[in-house]
Amino acid sequence: MLTVEQVEKSYVQGGLFSKHRQQVLKKVTLECRHGECLGIIGESGSGKSTLGRLMLGLESPDRGAIRLEGKDVKDRRVRMGRISAVFQNYTSSINPFLTVQDAIMEPMKALQKSAQGQQVHAKVDMLLTQVGLDSSYRTKYPHELSGGEAQRVCIARAVSTEPQYLVLDEAVSSLDVSVQIQVLQLLRSLKSLYKMSYVFITHDIQAAAYICDRFVFFREGQIEETVSVDQLKHVKSDYAQQLLSHLISL
Ligand SMILES: Nc1ncnc2c1ncn2[C@@H]1O[C@H](COP(=O)(O)OP(=O)(O)OP(=O)(O)O)[C@@H](O)[C@H]1O
């Protein structure tokens, strides 16, 4: 289980010498259970991506802790290969000078689990097939890929180490609607194939409703309401109802 315990985070606002701090996360407590897709839903600026970065250990909380199976993700050894991420900006997520093969193998190299020659080809081919691309993509560069293809490469790279948890931060938001659905379907099938758990961060309630089992409605750095997918129509807070009204009117 991935647990967020009483997490607080603030940033300095107004320049280097300013004493003003903006409180972005306020005593956030939640858990992402084994095998579930937990949606973190909220409007822009509510602190969703900050929470995602803390879960990935990219930044540390001011107070509180984030633990994977009871161990703090601050420790690189706890998170390496176990928590992975897919971000919105698929083009900037891949080094433009790396081929698709090298980009996919990057996390494996970081884990010093790099394979050799034919093994690399076989592993990359398998991952490409899993994300719906053929082996001709191995030698392509990022600028030769469409947005949907680039995001599939990012997903292949993210699952290459067979992580337990995948943090998806607006992972389909920049894609065309038809491609969004394909990528969401792909994410669903990979989740069961690799028995992963997802933290699905988005402002897009429609995409979340497609893939998530549980929803955390996030507002101004706090949890407003948590609800399971079968109870989605019965949310109580005005905020969650407001976000959901868009979905129901579709
Ligand atoms: N590194 C940082 N330094 C200073 N302020 C930051 C930093 N990261 C985030 N913030 C501030 O924290 C607040 C929350 O930002 P965050 O990106 O987490 O929100 P969000 O809900 O993910 O929004 P969006 O959906 O627009 O990405 C914003 O006001 C933002 O300006």
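Predicted model only: the values in this text are computed from it and were never measured. (Residues numbered from 1 in each chain as written. Predicted model: local features only at pLDDT ≥ 70, side-chain atom pairs only at ≥ 80, totals over all residues.)

### Description of the overall build of the protein chain
Stated precisely, the cut-off is as follows: Only DSSP runs of H or I with at least four residues qualify as helices, and only runs of E with at least two residues qualify as strands; both kinds are numbered from the N terminus onward. When we talk radius of gyration, it's over C-alpha atoms, and the globule rule is simply 2.2 Å times the number of residues to the 0.38. We call a residue exposed when 12 or fewer other C-beta atoms sit within 10 Å of its C-beta, buried when the count reaches 20 or more, and partly exposed for counts in between; the C-beta positions come from the backbone. The contact rule is simple: place each C-beta atom from the backbone, and if two of them lie within 7 Å, those residues are in contact.
Regarding its fold elements, the protein chain presents nine helices and 10 strands. Here the protein chain has a C-alpha radius of gyration of 18 Å; the compact-globule value for 250 residues is 18 Å, and the two agree. Taken along the three principal axes of its C-alpha coordinates, the protein chain extends 55 × 45 × 35 Å. Taken across its 250 residues, the protein chain has 36% of its residues classed as buried. Counting only contacts in the protein chain whose residues sit at least 6 apart along the sequence, the fraction spanning at least 24 positions is 67%.

### Regarding the site of the ligand
The criterion, for reference: Using the backbone to place each C-beta atom, any residue with that atom within 6 Å of a molecule or strand is considered near it. Under the grouping applied here, Gly and all other residues not named as nonpolar or charged are polar, the nonpolar ones being Ala, Val, Leu, Ile, Met, Phe, Trp, Tyr, Cys and Pro and the charged ones Asp, Glu, Lys and Arg.
Close contacts around the ligand come from Tyr11, Val24, Gly42, Ser44, Gly45, Ser46, Gly47, Lys48, Ser49, Thr50 and His203, and that covers them all. No other element matches helix H1 (residues 48-55), which puts three residues into the shell around the ligand. Residues that form the shell around the ligand fall into these classes: two nonpolar, eight polar and one charged.

### Let's talk about the packing of helix H6 (residues 147-159) against helix H7 (residues 177-194)
The condition that has to hold: For helices, the fitted axis covers only the stretch in contact; all axes are lines through C-alpha atoms, and the angles between them, taken along N-to-C directions, range from 0 to 180 degrees. Geometric relationships in this document are graded by angle, where less than 35 degrees denotes roughly parallel, more than 145 denotes roughly antiparallel, 65 to 115 denotes roughly perpendicular, and other angles denote oblique. Handedness of a crossing is defined here by the sense of rotation of the near helix relative to the far one, left-handed for an anticlockwise turn of less than a right angle and right-handed for a clockwise turn.
Viewed as axis vectors pointing N to C, H6 and H7 meet at an angle of 15°, and their least axial separation amounts to 11 Å. Here H7 runs roughly parallel to H6, going by the angle between their axes. When you trace H6 past H7, the crossing you get is right-handed. Mapping the contact onto sequence places Gly147, Gly148, Gln151, Arg152, Ile155 and Val159 in H6 and Val179, Gln182, Val183, Leu186, Leu190 and Tyr194 in H7. Split by residue class, the contact of H6 with H7 holds seven nonpolar, four polar and one charged.

### Some thoughts on the sheet that holds strand E6 (residues 83-86)
Here is the rule: Between any two strands, at least two bridges found by DSSP are needed for them to pair.
If you walk across this open sheet you meet the six strands as E6-E7-E8-E3-E9-E10, and the pairing is mixed. Two strands lie at the open edges of the sheet, namely E6 and strand E10 (222-228), each paired on one side alone. Across the sheet, the mean angle from the axis of one strand to that of its neighbour is 20°, orientation sign disregarded. Taken together, the four bridges between E6 and strand E7 (residues 165-169) define a ladder with parallel strand orientation. Of the residues in E7, the one forming a bridge with Ser84 is Leu166. Running over the sheet, H1 touches strand E3 (37-42), E6, E7, strand E8 (197-202) and strand E9 (214-219) and is turned about 150° from E8.

### Concerning unusual backbone geometry
Within the chain, Gln6 stands out as a residue other than glycine whose phi angle is a positive 50°. With respect to the secondary-structure elements, Gln6 resides in strand E1 (residues 2-12).

### A look at the confidence of the model for the protein chain
What counts is decided by this rule: The predictor attaches a confidence to each residue, called pLDDT, with possible values from 0 through 100.
Averaged over all residues, the pLDDT of the protein chain is 90; the fraction at 70 or higher stands at 96%. Scoring of the predicted complex yields 0.91 for pTM and 0.96 for ipTM.

### Let's talk about the nonpolar core
Condition: We define a nonpolar core as a collection of buried residues of the types Ala, Val, Leu, Ile, Met, Phe, Trp, Tyr and Cys that are connected via C-beta atoms lying within 7 Å of each other.
Counting 66 residues, the largest nonpolar core has Val199 and Phe200 as the members making the most contacts within it. Residues in contact with Val199, not counting those within four places in the same chain, are Cys32, Leu38, Ile40, Gly52, Met55, Tyr165, Val167 and Leu168.

### Thoughts on the environment of Lys195
Within the secondary structure, Lys195 is located in the loop between H7 and E8. For the pair Lys195 and Gln185, spaced 10 residues apart in sequence, the C-alpha separation works out to 15 Å.

### Here we look at the environment of Val183
Secondary-structure assignment places Val183 in helix H7. A count of 22 C-beta atoms within 10 Å places Val183 in the buried class. Placed 34 residues apart in sequence, Val183 and Glu149 show a C-alpha to C-alpha distance of 9.6 Å. When residues no more than four places from it in sequence are discounted, the contact partners of Val183 are Gly148, Gln151, Val172 and Leu175.

### Let's talk about H1
Taken across its eight residues, H1 has six buried, putting it largely inside the fold. Taken together, the buried positions of H1 are Lys48, Thr50, Leu51, Gly52, Leu54 and Met55. Positioned one or two residues after H1, Gly57 has a phi angle of 75°, which is positive.

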